[in-house]
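Coordinates in review
Listed below, chain by chain, are the residues.
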Number of protein chains: 2
Amino acid sequence: MTEPLRVTYRLDVPVDQVGDLAAALAIEQTIEFPPEAVDDPQVTTQAQGWVETVEAGPDGAPHATIAVPPDVVAGQLPQLLNVLWGNASLHPRVRLVGVTLPPAVLDCFPGPLFGVGGLRAATGVRGRPLLLTAVKPMGLPVQRLAHLAGRCAAAGVDLVKDDHGLADQPWAPFADRVGRLADAVARANARHGTCCVYAPSLNAPAGLLTERAVTARDAGAGALLVLPGLYGWPALQPLADVGLPLLAHPAGMGGWTRGVAAPVVFGTLARLAGADMSIFLVDGGRFPVPPEEADAVAAACHAPLDGIAPCLPCAGGGVTVANGERLRRRFGDDCALLVGGDLHRGADGLEARVAALRAALT
Amino acid sequence: MTEPLRVTYRLDVPVDQVGDLAAALAIEQTIEFPPEAVDDPQVTTQAQGWVETVEAGPDGAPHATIAVPPDVVAGQLPQLLNVLWGNASLHPRVRLVGVTLPPAVLDCFPGPLFGVGGLRAATGVRGRPLLLTAVKPMGLPVQRLAHLAGRCAAAGVDLVKDDHGLADQPWAPFADRVGRLADAVARANARHGTCCVYAPSLNAPAGLLTERAVTARDAGAGALLVLPGLYGWPALQPLADVGLPLLAHPAGMGGWTRGVAAPVVFGTLARLAGADMSIFLVDGGRFPVPPEEADAVAAACHAPLDGIAPCLPCAGGGVTVANGERLRRRFGDDCALLVGGDLHRGADGLEARVAALRAALT
């Protein structure tokens, strides 16, 4: 028989309910039909999931592994997400903790098209983490955002992205913003010999995303900031076809992480969806994150996944100039650090703070 | 000043941290920048959120209401979702419990284009709840799915949808399935004088959704089953332009409901996104749902929302023939009931079970 997908759920229910819930999930995630009413043996053999194991997980809680025939996912990401998490997400006491995909499924996904090497080639950075920042705050006019983007590029930031909330606000509409910021970064690169990449935020009605991505590419953007927590993971694939690296921002991703283990979300799913960089939350910042979770996420971005390239893990959510060196030691050189507001704090000035961080990373 | 959006969060933190977290959220959801480093007064006046109230909510927990200038959302759903829930979703101790949108924001959203009246016109049903079912189980070949769809239509089901997991599996590919099922329903309608609508499942790579919707419409489908929990709420708007009612299925929606109050998700957001029917989970079925939650969801689908039409709440997740009458008394006539597997249970047969349910609903 073809090797099945294996999905592991943690079941936070009394021990005498674990077996029934596991059996119910195997049905819920596949045929969603009373098994006793199935009258075609093909349904059972080709489509029905089954409980493979129920045992105590590393956390001591009951973990159930459900096996699913690979044809059920039809080689497509939305149906894969549906099988992993669709109706199961609606069980508040079910948590998705692990996924193992067979070659028959993985072969259907191109994964990140640029990946770590592509991001390094675009920024010219070797042997150290990439340094990212966001142009903000929202509310500044285009002229000031462009000036700031140019300053960041000149100062030595490797990748300047729009703040993810920059959409089409009246004071800085996309059509006006994207070309001006791309030009400001290009001019700074030409003048200072830097190689900074500009990544505009694709925050627009879904029907406009591809058009915006093409506009951005043609205006000189070198990457695209995408928002899978708001648009869904399937939204990335048409954008990958535009031909620029995709940087996945975590806004709205709490919808996934409240029920799915963070390494599956920011690592496995980000890579299957085609993200070249996965921005995740690190401990010690603005969000309460267990340190071991951040370590596991960074590892999942790089872990072997049978033909699917790694994506570059980018620590964010409150990274400061002061902790850059520590994060580099922790995550190694194959990562990125997103430093936002902290570049603007204190009296020493943006240029001095970027220089300090670059020195700590080199 | 223009009336702001108001977003209410429940903060599950010790009481001495409530004020700081509320203030941090007002910044996090808008300018995401150290307020002391803002050097342009326009940022503060036109873009920065502020804490309006912090008080005990109806549940006794601290509730903070954040106010946001309406221009921040740029009249667009993705950025509205971002302001309501983007980075806040990543705070595990923050829950979104209420949203009040001013006319300046609501005016930007068309809402459901068909709504309750459009679904009644399409199915010819007046004065009683609509009866829905799904053709399943996944694994059946197209011929058997088509036969089943025709039987359901002939028996008196008002709306037959694909099971949401029917994607492009090798045994029943979309291109083959959609026309055959639409034809089977049309033939049953012609023969039996019924008025059943067929709604195929749009479960395909994101770049193919609009094309599939057009194919379905041209093949005779009368509505579309959409999956905002997997594709994101923004994915609905381009599909609404195809010109068929949209039925929103809850698969993957646990991502939202684990952090956002169910009436906001299945009511407010579904309507803003343009869903004509919102399938929600009812208590007493396969999912643990508090009864008061289901009542609040059904109410939120109908509640006044300043120019945004109601959507039809559809109780699902384990509705049975036996509890149809009780649900009708509970939710009134302006609802729908989705009965899936239970139509296939027992020895009395599908036709008899549909007849019994129709009798209970009429």
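Residues numbered from 1 in each chain as written. Chains lettered and ligands numbered in written order. Predicted model: local features only at pLDDT ≥ 70, side-chain atom pairs only at ≥ 80, totals over all residues. Heavy atoms only, no water.

1. Details of helix H7 (residues 174-192) of chain B
All names here are of chain B. End to end, H7 covers 27 Å across 19 residues, agreeing with the expected 27 Å (1.5 Å per residue, within 8%). Here H7 has its buried residues at Phe-174, Arg-177, Val-178, Leu-181, Ala-182, Ala-184, Val-185, Ala-188 and Asn-189. For H7, the angular spread of buried residues about the axis comes to 160 degrees, placing them on one side. In H7, the exposed positions that point more than 90 degrees away from the buried face belong to Ala-175, Ala-190 and Arg-191. On its buried side, H7 packs onto strand S5 (130-135), helix H6 (142-155), strand S6 (159-162), strand S7 (197-199) and helix H8 (209-219). Gly-193 lies just past H7 and shows a positive phi near 70 degrees. (Helix = DSSP H or I, 4+ residues; strand = E, 2+ residues; numbered from the N terminus. Expected span 1.5 Å × (residues − 1). Buried < 20%, exposed > 50% of the residue type's maximum accessible area, 1.4 Å probe, protein only. Arc of directions from axis to C-beta. Contact = heavy atoms within 4.5 Å.)

2. Considerations on the packing of helix H12 (residues 262-273) of chain A against helix H13 (residues 291-302) of chain A
All names here are of chain A. Look at H12 against H13: their axes get within 8 Å of each other, and the N-to-C directions meet at 20 degrees. Relative to H13, the element H12 is oriented roughly parallel. Of the two possible hands of crossing, H12 and H13 adopt the one that is right-handed. Across the interface between the two elements, Ala-262, Pro-263, Phe-266, Gly-267 and Arg-271 from H12 touch Glu-293, Ala-296, Val-297, Ala-300, Cys-301 and His-302 from H13. (Axes fitted to C-alpha atoms, helices over the stretch in contact; angles between N-to-C directions. Parallel < 35°, antiparallel > 145°, perpendicular 65-115°, else oblique. Left-handed = near helix turned anticlockwise from the far one by under 90°.)

3. Some words on the packing of helix H7 (residues 174-192) of chain A against helix H8 (residues 209-219) of chain A
Residues and elements named next belong to chain A. Look at H7 against H8: their axes get within 9 Å of each other, and the N-to-C directions meet at 30 degrees. What the angle tells us is that H7 and H8 run roughly parallel. You can see that H7 and H8 cross each other, and the crossing is right-handed. Where H7 approaches H8, its residues Phe-174, Val-178, Gly-179, Ala-182 and Asp-183 are matched on the opposing element by Arg-212, Thr-215, Ala-216 and Ala-219. Along the lines of polarity and charge, the residues of the contact of H7 with H8 split into five nonpolar, two polar and two charged. (Nonpolar A, V, L, I, M, F, W, Y, C, P; charged D, E, K, R; others polar.)

4. Overview of the sheet that holds strand S4 (residues 94-100) of chain A
Residues and elements named next belong to chain A. Spatial ordering of the open sheet is given by S2-S3-S1-S4, a layout of four strands whose pairing is antiparallel. Two strands in the sheet have a free side with no partner beyond their single neighbour: strand S2 (50-56) and S4. On average, each strand axis in the sheet is inclined to that of its neighbour by 25 degrees, with strand direction left out of account. As defined by bridge partners, strand S1 (residues 5-11) adjoins strand S3 (residues 62-68) across six bridges and the pair is classed as antiparallel. Following the sheet pairing, Leu-5 is matched in S3 by Val-68. (Pairing = 2+ DSSP bridges.)

5. Regarding the interface of chain A and chain B
The parts lose accessible area when they come together, and the size of an interface is often stated as this lost area. Across the boundary between the two partners, chain A contributes 78 residues, which contact 79 residues of chain B. With both chains or domains summed, chain A and chain B bury close to 6500 Å², and 58% of this area falls on carbon and sulfur atoms. By the criterion of area lost to chain B, the three top residues of chain A are Leu90(A), Leu230(A) and Arg258(A), representing 12% of everything that side buries. Connecting chain A to chain B are 10 salt bridges. Here Arg345(A) ties to Glu36(B) by a salt bridge, and the two come within 3.6 Å at their closest N and O atoms. (Buried area = accessible area lost by both parts, 1.4 Å probe. Salt bridge = Lys/Arg side-chain N within 4 Å of Asp/Glu carboxyl O.)

6. As for empty space enclosed by the protein
Regions of empty space are outlined by a rolling probe, equal in size to a water molecule, passed over the atoms. Counted under the stated rule, the structure contains five cavities of 30 Å³ or more. Space inside the largest cavity adds up to approximately 130 Å³. If you trace the largest cavity, you find 16 residues lining it, with Pro228(A), Gly229(A), Trp256(A), Gly229(B) and Trp256(B) closest to the centre. Contributions of two or more residues to the lining of the largest cavity are made by helix H9 (228-231) and helix H11 (254-257) of chain A together with helix H9 (228-231) and helix H11 (254-257) of chain B. If you tally residues by element for the lining of the largest cavity, the top one is H9(A), at four residues. Per-class residue counts for the lining of the largest cavity are eight nonpolar, eight polar and no charged. (1 Å grid on protein atoms, 1.4 Å probe; cavity = no way out; pocket = protein on both sides within 12 Å on 5 of 7 lines; lining within 4 Å. Points joined across faces, edges and corners; volume = space filled by probe spheres on them.)

7. Description of the pattern of salt bridges
With the rule as written, the count across this model stands at 48 salt bridges over all chains. The shortest N-O distance in the salt bridge between Arg328(A) and Asp333(A) comes to 2.8 Å. Assessed through its relative accessible area of 18%, Arg328(A) is described here as buried. Among the salt bridges present, the one from Arg120(B) reaches Asp334(B), with a minimum N-O distance of 2.8 Å.

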